[in-house]
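Topology and contacts: notes
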Amino acid sequence: MPVSNNILRTWRDPRRVMRGLLAAGQREDRAIAYLMVGCLLVFVAQWPRLMREAHFDTATPFDLKLHESLYALLIIAPLLFYAIAALSHIVARLLGGRGSWYGARLALFWTLLATGPLMLFYGVLAGLNGQTPATKVVGLLWLAAFAVIWLQSLREAEGGASDV
């Protein structure tokens, strides 16, 4: 199933999509691709906001802000996501989860990618309007969607048999 179809399906039934992703077997290359594309989407979502900030605050030029964001989102963030996935797996184990380390990573990385379109919309609003109430509402919607999809995906991943 194409990734774009899975993203749409994730918003309706995240557990079923996660079940299908896990059924495809342990594919670390696919998991890291989801993570890197998700981080790339978040990076691109920052561009309008960074442009707006550079326009109103000329002390820091846009290209410097862009380089800082690139470093943070494509170098540091993936490492943090691996740590968060490991921590979530440990917590799930303590709560009776039977899944694998891979399943916990896949649940988190897929959630980042699946919620990327809403993050892009948030970035456009932040660039055009600044931090208005509407922008903040969309940001909170993204955060809530991320939490719900991640928890449902993790629940599915931790319900499976342990293999790694």
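Remember, it's a predicted structure, so these values are computed and weren't measured experimentally. Residue positions are given per chain, counting from 1 as you read along its sequence in written order. Note on the predicted model: pLDDT of at least 70 is required for a residue's local features to be given, and 80 or more for side-chain atom pairs to be given and counted; whole-chain, interface and lining totals, by contrast, use all residues. Side-chain calculation: all heavy atoms of the structure are included, whereas hydrogens and water are not.

Take the overall build of the protein chain next. Every helix listed is a DSSP run of H or I at least four residues long, and every strand listed is a run of E at least two residues long, numbered separately from the N terminus. Helix and strand counts for the protein chain stand at 7 helices and 0 strands. Over its C-alpha atoms the protein chain spans a radius of gyration of 17 Å, differing by no more than 12% from the 15 Å that the globule rule assigns to 164 residues. In terms of overall dimensions, the protein chain has a C-alpha envelope of 55 × 30 × 30 Å along the principal axes. Within the protein chain, the fraction of its 164 residues that count as buried is 41%. With residues, only the protein chains shown are counted as cover, and all accessible areas are computed by Shrake-Rupley using a 1.4 Å probe. Taken as a whole, the protein chain presents about 8900 Å² of accessible surface, with 70% of it coming from carbon and sulfur. Of the side-chain charges in the protein chain, 15 are positive and 10 negative, and the distance between the mean point of each set is 10 Å. Computation of the radius of gyration draws on C-alpha atoms, with the globule rule given as 2.2 Å multiplied by the number of residues to the power 0.38. Any residue under 20% of the maximum accessible area for its type is buried, any over 50% is exposed, and the rest in between are partly exposed; the area is computed with a 1.4 Å probe on protein chains only. Note that His is not counted, nor are the chain ends; the positive residues are Lys and Arg, and the negative ones are Asp and Glu. Working definition for charges: the position is that of NZ of Lys, CZ of Arg, CG of Asp or CD of Glu.

A word on the nonpolar core. Nonpolar core, defined: a set of buried Ala, Val, Leu, Ile, Met, Phe, Trp, Tyr and Cys residues in which side-chain atoms within 4.5 Å join the residues together. One finds Phe81 and Trp110 to be the most contacted residues of the largest nonpolar core, which totals 35 residues. Of all elements in the fold, only helix 2 (14-23), helix 3 (28-56), helix 4 (62-94), helix 5 (101-114), helix 6 (116-129) and helix 7 (133-158) reach the threshold of two or more residues within this core. Ranked by the residues each element gives to this core, the list is headed by helix 5, at 10 residues. When neighbours within four sequence positions are excluded, Trp110 is seen to be in contact with Val3, Asn6, Ile7, Thr10, Val17, Met18, Leu21 and Tyr34. Contacts between residues were defined by any pair of non-hydrogen atoms, one from each residue, lying within 4.5 Å.

We now examine helix 1 (residues 3-12). Listed as buried for helix 1 are Asn6, Ile7 and Thr10. An end-on view of helix 1 places all buried positions within 105° of arc, on one side of the element. Residues of helix 1 that are exposed and point over 90 degrees away from its buried face: Leu8 and Arg12. Contact partners of the buried residues in helix 1: helix 2, helix 5, helix 6 and helix 7. What the arc covers is the set of directions going from the helix axis to the C-beta atoms.

Moving on to the side chain of Gln46. Inspection of the secondary structure puts Gln46 in helix 3. N or O atoms within 3.5 Å of each other form a polar contact, as long as, within protein, one can give a hydrogen and the other can take it, and as long as residues adjacent in sequence are counted only when both atoms are side-chain atoms. Within the local environment of Gln46, its side chain forms a polar contact with the side chain of Arg49, the two groups lying 2.5 Å apart. Aside from chain neighbours lying at most four places away, what touches Gln46 is Ser69, Leu73 and Met119.

On to a nonpolar patch on the surface, then. Patches were defined on residues exceeding 30% relative accessible area and lacking a salt bridge, with like-charge contacts within 9 Å and nonpolar side-chain contacts (Val, Leu, Ile, Met, Phe, Trp, Tyr) within 5 Å. Think of a salt bridge as a Lys or Arg side-chain nitrogen and an Asp or Glu carboxyl oxygen that are within 4 Å of each other. Judged by side-chain polarity, Leu87, Ile90, Val91, Leu94, Leu95 and Trp101 come together as a nonpolar surface patch covering roughly 650 Å² of accessible area. Among the elements that take part in the nonpolar patch, helix 4 stands out by supplying 4 residues, more than any other. If you trace the backbone, Leu95 turns up in the loop between helix 4 and helix 5.

Only centres within 6.5 Å qualify two rings of Phe, Tyr or Trp (six-membered ring in Trp) as a pair; their planes then separate them into stacked at under 30 degrees, edge-to-face at over 60, and tilted for everything else. Under the counting rule described, the total for this entry stands at 5 aromatic pairs. Where Tyr82 meets Phe109, the ring centres are 5.0 Å apart and the plane angle is 65°; that geometry is what we call edge-to-face. Taken together, the residues Tyr82 in helix 4 and Phe109 in helix 5 connect sequence positions 27 residues apart. On the basis of an interplanar angle of 40° and a centroid distance of 5.4 Å, the ring pair of Trp142 and Phe146 is categorised as tilted. Placement of both Trp142 and Phe146 in helix 7 is noted, with a separation of 4 residues, approximately one turn of the helix. Accessibility classification places Trp142 together with Phe146 in one group, the buried group. Linked through ring pairs, Trp142, Phe146 and Trp150 together constitute an aromatic cluster.

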